[in-house]
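Reading the structure
This is what each chain is made of:
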Amino acid sequence: MIGTDIAIDLGTANFRLYMDGRGVVVNEPNIVAVETDSEQIVAIGREAYEMLGRTGARVRVVRPMHGGVIADFSLMDAVIRHYLKQVNTSRVFMPRVVVTVPSGITEVEKRAVVDAVAANGVRKICLLEGPLAAALGAGIDVAKPRGTMLVTLGAGMSDAGVVSLNRLAASRSIPVAGDAFDDAIIKYVRRKFDLVIGERTAEEAKRTAGCAYPMKQGKVFPLKGRDLKSGLPSRVEITSDQLLEAIVEPAAQVVRMIQTTLEETPPELMADIAGEGILLVGGSAYLNGFDQLLSKTTKLRVHVLEEPEGYAIRGAASAVKMIDKAKFNPKNGDRATPLIAYY
Ligand SMILES: Nc1ncnc2c1ncn2[C@@H]1O[C@H](COP(=O)(O)OP(=O)(O)OP(=O)(O)O)[C@@H](O)[C@H]1O
Ligand SMILES: [Mg+2]
C-alpha cells in the first residue's frame, strides 16, 4: 500500500472519496445519525440519510457541514475516519490526500478541514479550491495563461472562479445553493399553504418541478405535510411557477455573486470567457433554467456540463498526480501546481 494517494471532496450534501488506482470508492450523503442520550453515532452516510425526518427525539440526524464549511468538527472527523477505515487505507503507510475547499473560505475554516483530515493519519495534505477542482475535472489545462470560468452550484455553497496559470484570477463564493433553495421552498409552502413540509419533500419538489427561469411546460408536484392550523396530515399541489417564485431570491443572490466575479476578472481573461462562455457544475446545476437565468443576466453563453455533480472529485483525483510537485505554502501555493500544500 505504499504511495496510496486519495482525494476527498468534502461536500455539504455528499462525501466523495477517490483512491488512486481504484477510482471513486465512496459517494454517499455526508450525514450522521446520533443517539441523543448517549451521543453515540448510530449510522453514517446513506443509512443515516434514510433516517432523516423519520426519527423521534431519541435519534437526531445531522450534517457535519453547513454552507460549504465544517459545522461540527467531531462529526466530520468521525465521517472521515469511518470512510478511510472502510476503504482500508494503511495506518503504516499513511496516504497523501488532496481535499477540495470552496474558494474564499477563511483561514480558520481551511485549518478545520486540514485538522479533520490530519487527525486520521495522513502523510501530506494539499487543498484544492473548488473552481480549480472543477476545471481539472473538466479536463482543462489550468496551467495555461487562458481564462476559464467555472461556477459550482452545490448544496451548501456556490463558488465561482476564473482559472488561469494554476490559480484563481478572480473568485467569489457564498453559502447559498441547493440547501437554500430547499429552505426557501419550505418557507414559501408554509406561508402560502399553511403546510409544514420536511427537507426531503422540499428537495424532491425542487428536483422534480423546480426551476430558476419560467418553464415552457411547467409541472405539478404533490406535497405532503402537516397542516399548520389543524396539525393534521394534509396535501396540496405546487406548480413550477410557484416553485420559481419560492427560489427566485436565493437564485438571484447566486447570479449577483457570479456577476461580481465577472466584474473583478482582468480584461484579457474576460475576452477568453466571452468566447467560451461559463461552465456550470455541481448538483444544483441540474436545476431547471438556472443556465437560462444566468445567460440572460450576464449576456454570456452558459454550459451545464454533463453529470455536473462529479467534477470536484474527478478534479481532485487528477490533482493527486501533482502532489509530488506541490511545495509547502499554506498561504497561496507556489504556482507550480494548482494545489495548496499544507504539510
Ligand atoms: N435535479 C436536480 N435539480 C435541482 N437540484 C438538484 C438536482 N439534483 C441534485 N440537486 C441538488 O444538488 C445538491 C447536491 O450537489 P453536490 O453533490 O454538488 O453538493 P455538495 O458537493 O455536497 O455540496 P457543496 O459543494 O455545496 O458543499 C443538493 O442541494 C441537491 O438538492
Ligand atoms: Mg461540492
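First things first, this report covers the structure right here in the doc. (Residues numbered from 1 in each chain as written. Chains lettered and ligands numbered in written order. Predicted model: local features only at pLDDT ≥ 70, side-chain atom pairs only at ≥ 80, totals over all residues.)

1. Structural notes on the sheet that holds strand 3 (residues 23-29)
The six strands lie next to each other as 3-2-1-9-10-19, forming an open sheet whose pairing is mixed. Where the open sheet ends on each side, the last strands, each with one partner, are strand 3 and strand 19 (340-341). Both strand 1 (residues 5-10) and strand 2 (residues 14-19) contribute to a ladder of five bridges, which runs antiparallel. The partner of Leu10 across the bridge, within strand 2, is Phe15. Sitting on the sheet, helix 10 (residues 311-319) touches strand 1, strand 2, strand 3, strand 9 (96-101) and strand 10 (124-129), and the angle it makes with strand 1 is about 155°. (Pairing = 2+ DSSP bridges. Helix = DSSP H or I, 4+ residues; strand = E, 2+ residues; numbered from the N terminus. Contact = placed C-beta atoms within 7 Å. Axes fitted to C-alpha atoms, helices over the stretch in contact; angles between N-to-C directions.)

2. Observations regarding the packing of helix 5 (residues 178-193) against helix 7 (residues 240-263)
Viewed as axis vectors pointing N to C, helix 5 and helix 7 meet at an angle of 130°, and their least axial separation amounts to 8 Å. The angle between helix 5 and helix 7 places the two elements in the oblique class. Our pair here, helix 5 against helix 7, has a crossing hand that is right-handed. Contacts from Ala180, Phe181, Ala184, Ile185 and Tyr188 in helix 5 reach Leu243, Glu245, Ala246, Ile247, Glu249 and Pro250 in helix 7. (Parallel < 35°, antiparallel > 145°, perpendicular 65-115°, else oblique. Left-handed = near helix turned anticlockwise from the far one by under 90°.)

3. Describing helix 10
In terms of burial, helix 10 is a largely internal element, eight of the nine residues being buried. Among the residues of helix 10, Tyr311, Ala312, Ile313, Arg314, Gly315, Ala316, Ala317 and Ala319 are the ones counted as buried. (Buried ≥ 20, exposed ≤ 12 C-beta atoms within 10 Å, placed from the backbone.)

4. Concerning the site of ligand 1
Near ligand 1, the surroundings consist of 21 residues, among which Gly11, Gly154, Gly178, Gly283 and Tyr286 are the closest. Those elements that place two or more of their residues in the shell around ligand 1 are helix 5 and helix 6 (199-209). Sorting elements by how many residues they give to the shell around ligand 1 places helix 6 first, with three residues. The residue inventory of the shell around ligand 1, partitioned by class, reads six nonpolar, 10 polar and five charged. (Near = placed C-beta within 6 Å. Nonpolar A, V, L, I, M, F, W, Y, C, P; charged D, E, K, R; others polar.)

5. Brief notes about the pairing of strand 10
Most of strand 10 sits inside the fold, with five of its six residues counted as buried. Here strand 9 pairs with strand 10 via six bridges, running parallel. Counted as the bridge partner of Thr100 is Leu128 from strand 10. Note on the crossover from strand 9 through helix 3 (residues 107-118) to strand 10: the handedness is right-handed. Direction of pairing for strand 10 relative to strand 19: antiparallel, over a ladder of two bridges. By the bridge assignment for strand 19, Leu127 is matched with Ile340. (Right-handed = clockwise from strand over helix to strand, strands pointing away.)

Taken by themselves, the reported measurements are silent on function.
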